[in-house]
Structure formats: structure tokens, C-alpha cells
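The primary structure of each chain is shown beneath.
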Amino acid sequence: MVRVYWTEIPEQERSPKNQSKWAYRLFETVIQRQYPSIKKPALLERDAKGKPFLSEYPGIHMNLSHSGRYVACAIGEGPVGIDIECHRSRKRPELIIKKFHPTEQRLYRDTEKKNQERLLYDLWVLKESFMKAEGTGLGIPLDSFYMEEIHKGAGRVCQNLNDKNYFYMLYHLENIPFSLAVCSEDCMLAEEPVFAEL
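Everything numeric here is computed off the predicted structure, so don't read it as measured data.

Rules and cut-offs
Residues numbered from 1 in each chain as written. Predicted model: local features only at pLDDT ≥ 70, side-chain atom pairs only at ≥ 80, totals over all residues. Heavy atoms only, no water. Salt bridge = Lys/Arg side-chain N within 4 Å of Asp/Glu carboxyl O. Buried < 20%, exposed > 50% of the residue type's maximum accessible area, 1.4 Å probe, protein only. Helix = DSSP H or I, 4+ residues; strand = E, 2+ residues; numbered from the N terminus.

Just give me the short version of the pattern of salt bridges, but keep the residues and values in it.
Under the defined criterion, the tally for this structure stands at eight salt bridges. For the salt bridge of E8 with R14, the shortest nitrogen-to-oxygen distance reads 2.8 Å. Under the relative-accessibility criterion, E8 is labelled partly exposed at 31%. Across the salt bridge formed by K39 and E56, the nearest N and O atoms sit 3.6 Å from each other. With K39 in the loop between helix 1 (16-34) and strand 2 (45-46) and E56 in the loop between strand 3 (52-53) and strand 4 (61-67), this pair connects stretches of sequence that are 17 residues apart. Overall, the relative accessible area of 54% leaves K39 in the exposed class.

Could you give me a rundown of unusual backbone geometry, with the residues and numbers involved?
The step from K40 to P41 runs through a cis peptide bond, and the omega angle for that step is -5°. Here P41 is to be found in the loop between helix 1 and strand 2. Not every positive phi belongs to a glycine, and R92 is a case in point at roughly 55°. A positive phi is found at N175, a non-glycine position, where the angle reads about 65°. According to the relative accessible area criterion, N175 is exposed, its value standing at 72%.

Next up, the structure:
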């Protein structure tokens, strides 16, 4: 089971240099709740591509993300990726969309103008969560994969990079201006993200 957590950075701490610190603080808090036997602080290392991992606990996989005033963390028993993005107006979103899979480009074009911005963010967090689960970061061409049945908010990643099956979950929280997605080979993904008090 992949668990998903998020929190809001306190207003007085909201600076780009503090985002990583708060993401790690969220991780520390939830790892202690889920695995009380892990000694604090849990030491994160990074692989050759920069993905964080717990070398002392190879059966626990995690991933972090931050954007603006929000941070998110996913923890599971297999490779996992998470991405969170605050919504803000983008100039020329078509420059981003044209790099996506043709299925996603068509979906974007067919979406009402007033809903296109949210869809852009949803597609982006879905793509980034998959790339982070795969451990490549932005090393995979954005048009080489897409998410099945995005309108349902959960499904399978369609890709031919390898023979692995990946699943995703897209989260929308009422009155919270961000898109949040998690991706993993584990099909048991949290139905809702948990807000963590730090």
C-alpha cells in the first residue's frame, strides 16, 4: 500500500530555500508514525539520478515533492513517485502541451477553456510522478507515455519503456489550489492524501 501525505508550510517559513527542509520534515514525521522502529533521523541517500532512498531500509520506498507553500510525501514497499504543483497562470501552455503524448494533446484541445489550466497541471503531476517512480526524473520523453482513463482520476500508465506495470492516482482537494499525483508499481494507492500536522 502506498500512503500519501501533504502539508502546508507555515507562512513565515515560505521561501524556496525552505521547501526541501519542510519536505524532509514531513517525511520524518510520517516515517516515524508508520515505522516507529526506524531510528531518528532517518538517513536519506540519493542514487546516481538524485532519487532519495533509505539505504538502511531497502524495503521502504519514498519520494518527496514541493511547490509553493505545499509539500508532499509518498511511502510504499516498492518504487514510488509523487508530484505536487501549485496552480498559477501560465503563459503559453501550448508550448508544454505540444511535448505531451498525442492522446493528452487531444484531451487538452477537447477540454473547455476554463478547465484547461487545471488539466495542464494534472497532466504534469501525473507525468512527473511516473518519471520519479521510474527513477529517471525528466529523462523520459514526455510524449512516450500517457495515463489511461485520466477522467477517472486513477488508472494505469501506458508505456513501452519496459515491461513494468505502473498505476497512478490523481488527487483533487476542495478549495486547495494544487494538483497532486502518485505513481507506483503497487496498484494499492491511497484513495485520499492525509494532511499531516507538523
